[in-house]
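Each chain is listed here by its residues.
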Amino acid sequence: MGDTTKKERRKFLDKGLKVGIAAALGGFGISKITSKLNANSKSDSGEKIELMTTDGTLIEIDSSEVVEVQHSEDHDKKYNVREGMPHRKFVMVIDLAKCKNALKCQQSCNKHHYITGDNAWLKVYKMQESKDTAPYWMPTTCMHCDQPACVTVCPVDATFKRKDGLVLIDNERCIGCRFCMAACPYSTRVFNWSEPKQEFTLDMDMLEHQYSPEHGGMPSVKGTVDKCDFCPHQVKNNELPHCVTACPNGVFYFGDKYEDTVTNGEETLRLSKLLEDKAGYRLLENLGTEPNVYYLPPVDRLVDFEDGLEQFTEFQSVEKPTEE
Amino acid sequence: MKNFDEIVHDLAPRKYEKPGIIWIVFLSILIVLGIIAYIDQLIQGQVVTNMRDYALWGIYISNFVFFVATSFVGSVTVAILRLSKNEWRTPLVRIAEIITLACIIMAGITITLDIARPDRLLNLFVHARLQSPITWDIIIIPTFMVISILLLYIPLIPDFAILKDYFAKTKPKLSKLYGILSLKWTGSPAQKALQTKSIRLTSILILLAGILLQTIDAWLFSSTYRTGWDSTNFAPYFISGAFVAGIGALITVIYLVRIRRKLEDYITDFHFDKMGKMLKLACFVYIYFNINEYLMPQFTAKKGETVHLEALFTGHYAPLFWIVSIVGLVLPAIVLMFKKGRKPLPMFIIGIIVVIGSWWKRYIIITPTLLEPFLPLQGVPESWYSYFPSLHEWIITSATLAMALMIITLLIRYLPAVPIQRTVDEQKMDIIEKPLES
C-alpha cells in the first residue's frame, strides 16, 4: 500500500518534472515570445505554441500558459529507480590486453559493496580457450544484458531492466527462488545463503541511508540475490564505478553509449571507434543476450600473463577479514 | 462370487493393526524431525544446505520434480484407462487418485522449502509476472490439485453412501461424516447420469492438466541457457519419465495395500499383469526419450555439452547415471517382458526399484548441469565445486516423502481403497452376462 502511494508520488514528480522541463526549454528557446506573452498572460490567448519535451515528443500549449522558469538542475537525479536515468545508456569496455590480474578492482568492489560472502560480484577469470592458445585474465562484471535471461524468469519482478541499460535487484522484493541465477549464463549472481556479516562503519551514515536497488550490498539481505550493479550511486555523484577507478592499469572503461564515449579515468575515448579499432566483442554473443559490457582482445600485451599468477587464488575471491 | 455385504465388509475402511500403528509413528517421527530441521533452516538461512552459488538448486528441487512426476499417475491410469474403456482399472483407480492427490500436495509444499524467503510468498501473487515459468507453475499446481480432489471425490460419492449405512450402528459419528460427504446419494438414474458425466469431464481435465503440469515442470529448466537443460526434447522427456515414476509408485502402493487389507480377491494377478505391461510400455517410451536426450547430442555436441555428457557417461556422475539408467529403467523393462516378471512380488520389487530410480534420475538431471557453467568455476571455496545434500536437506526431504506416505496412509484408512459401488456393479454385470461361471 505504501508502495503504491510512493509510486504515485513518483509518477507525479515525474510528470511535474517533464512539464517543468518542457516549460524550461521552451522558456529558454523562445524567451522573447514569452516575455511578450507574459504581458497579457492572464487570459486564454487562444494561440497555441508547439514545444518539444526533453524526451522528444511534441506538445502544444496555450501560449498564455508558457512561463519562463529556472532550468532545473537536478533532473538527472530525480527519476524512477525502476526506469532509470533518462537519456543514458551505460556501457563498459574491458581491455583484456591491459589486465594482469592485479585484483584491485575486485578488492575495491568488495569493499564498497560490503561483500562478505565467498563469491565476489566481480571476478577475474584465468582463461585459456584451448591448449595451444594464449592464456589471459578476464575480469567479469554483470553484463547488464539488453535481453537479460534473469529478468525474463524472475517471477516477482524483483530483478528488472532499466531504460538506462542497468539490470538491478530489489532485495526487498526478491523471494530467493534463485531462478535468475540458474538463468544467467555468465554465473554473475551470488546468493546470501545466511545473514550477511556486514559491518558498517559509522562514517557510512547507515542511519540516513535508505535502501535502494541502486547501491547493491547496502545492505545485503539474507535469502536474496546480489550482483554487480554498475554503480549507479557513483554515477549520480558524477563519479566512475569503483572497479574503474581502482584499476591501476586502466582496464575498465565506463561510459554512455548515447554519448559514444567511455573513459577509464585517464583517457576518454569514442566507444564506436575503440570497438572498431581494437575489434571489440562481447561474451557468449551467440546466446543473444546482448550484453552491455564489451571486451577488447588480449593482443599486444604489455605485461606477462604469468605476472598475474601470483595474485591468482582458485578458491577465493573475497578476502576474509583478518584481525587487525 | 461374493454378495454385496461381503464386498462392503472387505472393502470398507478399518482400523490399523499393529504394523499400521508402527508405520504411522515412524512417519510421524520423520515428519517432526523434518519440521525441526526446516525451522532451523528458516532461522539460519539456507546456509544449512549444501547448495551454493553454483549448485544453486539441490534435492529440494529434484524432489519437487519427483513429486510432480509421480502425481502423473492419476492422469495416466485413471484418465487414459477410463477414456479408453479398460475395465480392469476398477480396483486400481482409487489408489492412483490418492497417490496423485498426495503427490501434488507435497509438490506444492516441497517447492516452497526451496524458496529462501517464504515470508515473501505473497509477492508471487502481488507482483506476479506471467512470463516467468514459476508463475505458470503457480497457476498449474493449484489447478491440478483441485482437479485431483474432484477426481478422487466424485467417484467416492456412492461409496460414502454405502459407508454411511455400513457404519450407522458401529460408528455413528463417522457414519454422519460419510453421510455429509455422500451428498444425499440415492443412486437414482439422474444422479448416476450426472456422476458419470462429471467423472468423464474430470478425467479429460486431469489428462490435460497433467500433461500441462509435466510440460511446465520441464520448461522450468529448458527455459534457461544451461547445458543439459536447454533441450527441446525436455517436455516429452519429462512426461514419459512421469509415466514411469507414477506407475512405479502405483504398483508399490497397491501391492502393500493388497497384502495389508487382504484384497487378493479384488486385486488379482491379472491386474498386476496388466499394470506390468503398462509399466513396460512406459519404460520403453522413456528409454526412447533418454536416447534422444543423451545419445543423439553426441553427434553435434558443443564443447560444454561434451563435458556434460562425459561427466555422465564416464566421469563423476557415471556410477549413478548408469545405475539409474540400467537398473532403474532398462532392467525393469526387460524383466517385465516375461509373464513371470509380472507376478505381484517381482512387480513389487520392480516398482520399488523404479521409484527409487526415478528419484535419483531427477537428481542426475539437475545437479550436474548446475556445476557446469559457461564460464569456469573459479574464485569460490573448494567445497562449492561439488554438491551432495547436507543432513538438513536429507532430513527435510525425508520428511516430505514421509508426509506423502502419511497422506496416502490416512486416506486409505478412511476411504475404501477399492471402489465399492463399482465393484458391486461389475459383479452384477458379470452375473447377468455369464451366470454359469460363478
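Refer to the structure printed above.
Now for a quick tour of the structure. (Residues numbered from 1 in each chain as written. Chains lettered and ligands numbered in written order. Predicted model: local features only at pLDDT ≥ 70, side-chain atom pairs only at ≥ 80, totals over all residues.)

Our focus in this paragraph is the overall build of chain A. The helix and strand inventory of chain A stands at nine helices and 13 strands. Split into buried and exposed, the 324 residues of chain A put 39% on the buried side. Taking all contacts inside chain A whose residues are at least 6 apart in sequence as the whole, residues at least 24 apart take part in 64%. (Helix = DSSP H or I, 4+ residues; strand = E, 2+ residues; numbered from the N terminus. Buried ≥ 20, exposed ≤ 12 C-beta atoms within 10 Å, placed from the backbone. Contact = placed C-beta atoms within 7 Å.)

Attention now moves to the sheet that holds strand E12 (residues 268-270) of chain A. All names here are of chain A. Reading across from one edge, E12-E11-E10-E3-E13 is the order of the five strands in this open sheet, with mixed pairing throughout. Strands with a single pairing partner mark the edges of an open sheet, and in this sheet they are E12 and strand E13 (293-296). Taken over all neighbouring pairs, the strand axes of this sheet differ in orientation by 25° on average, direction set aside. Bridge analysis of strand E3 (residues 90-95) against strand E10 (residues 252-256) gives five bridges, and the strand direction is antiparallel. Of the residues in E10, the one forming a bridge with Val91 is Gly255. (Pairing = 2+ DSSP bridges. Axes fitted to C-alpha atoms, helices over the stretch in contact; angles between N-to-C directions.)

Here we come to helix H4 (residues 72-83) of chain B. Residues and elements named next belong to chain B. Relative to the 16 Å expected for twelve residues at 1.5 Å per residue, H4 spans 16 Å between its end C-alpha atoms, a close match to the ideal helical length. Counting buried residues along H4, ten of its twelve residues qualify, which places the element largely inside the surrounding structure. For H4, the complete set of buried residues consists of Phe72, Val73, Gly74, Ser75, Val76, Thr77, Val78, Ala79, Leu81 and Arg82. Looking at the buried residues of H4, the elements they touch are helix H3 (59-70), helix H5 (90-114), helix H7 (133-153), helix H10 (189-222) and helix H11 (234-260). One or two residues past the end of H4 sits Lys85, with phi positive at roughly 55°. (Expected span 1.5 Å × (residues − 1).)

Here we come to helix H1 (residues 4-11) of chain B. Residue and element names in this part refer to chain B. For H1, the full list of buried residues reads Ile7, Val8 and Leu11. Down the axis of H1, the sector holding all buried residues measures 95°, keeping them to one side. When the buried face of H1 is taken as reference, the exposed residues oriented beyond 90 degrees from it are Asp5, Glu6 and His9. (Arc of directions from axis to C-beta.)

Turning next to the packing of helix H12 (residues 269-295) of chain B against helix H15 (residues 318-335) of chain B. All names here are of chain B. Remark: H12 packs on H15, axes separated minimally by 8 Å, with the N-to-C direction vectors making an angle of 130°. Taken together, the axis directions place H12 and H15 in an arrangement best described as oblique. The two elements H12 and H15 meet at a crossing, and its hand is left-handed. Mapping the contact onto sequence places Leu279, Lys280, Cys283, Phe284, Tyr286, Ile287 and Asn290 in H12 and Ser325, Leu329, Val330, Pro332 and Ala333 in H15. The residue makeup of the contact of H12 with H15, split by class, is nine nonpolar, two polar and one charged. (Parallel < 35°, antiparallel > 145°, perpendicular 65-115°, else oblique. Left-handed = near helix turned anticlockwise from the far one by under 90°. Nonpolar A, V, L, I, M, F, W, Y, C, P; charged D, E, K, R; others polar.)

Moving on, we get to the pairing of E10 of chain A. Residues in a regular strand project their side chains so that they alternate between the two faces of the sheet. All names here are of chain A. Most of E10 sits inside the fold, with four of its five residues counted as buried. Where E10 and strand E11 (residues 261-263) come together, three bridges link them in antiparallel fashion. Bridge pairing in E11 links Phe254 to Thr263.

Next up on the list: the packing of H5 of chain B against H11 of chain B. All names here are of chain B. Taken N-terminus to C-terminus, the directions of H5 and H11 make an angle of 120°; their axes are 10 Å apart at the nearest point. As the angle between them shows, H5 and H11 are arranged oblique. Considering only the axes of H5 and H11, their crossing is right-handed. On H11, the residues that touch Leu92, Ile95, Ala96 and Ile99 of H5 are Ala249, Leu250, Val253, Ile254 and Val257. For the contact of H5 with H11, the per-class residue count stands at nine nonpolar, no polar and no charged.

The subject of this paragraph is the interface of chain A and chain B. Across the boundary between the two partners, chain A contributes 41 residues, which contact 37 residues of chain B. For the side of chain A that touches chain B, the elements supplying multiple residues, two or more each, are strand E4 (123-127), helix H4 (149-153), helix H5 (179-183) and strand E8 (190-191) of chain A. The element that contributes the greatest number of residues to the side of chain A that touches chain B is H5 of chain A, accounting for four residues. In terms of residue class, the side of chain A that touches chain B is built from 22 nonpolar, ten polar and nine charged.

Further remarks concern unusual backbone geometry. Residue and element names in this part refer to chain A. For the bond from Met218 to Pro219, the omega torsion is -10°, close enough to zero to count as cis. Residues other than glycine seldom take positive phi values, yet Leu103 does so here, at roughly 65°. With respect to the helices, strands and loops of the structure, Leu103 is situated in the loop between E3 and helix H3 (104-112). For His144, which is not glycine, the phi dihedral falls at a positive 45°. When you line up the elements, His144 lands in the loop between strand E5 (136-140) and H4.

Residue and element names in this part refer to chain B. Within the secondary structure, Thr423 is located in helix H18 (residues 420-433). Owing to 21 C-beta atoms within 10 Å, Thr423 belongs among the buried residues under this scheme. Considered as a pair, Thr423 and Ile59 are 364 residues apart in the sequence and their alpha carbons are 41 Å apart. Setting aside its immediate chain neighbours within four residues, Thr423 contacts Ile7, Leu11, Thr90, Tyr266 and Val418.

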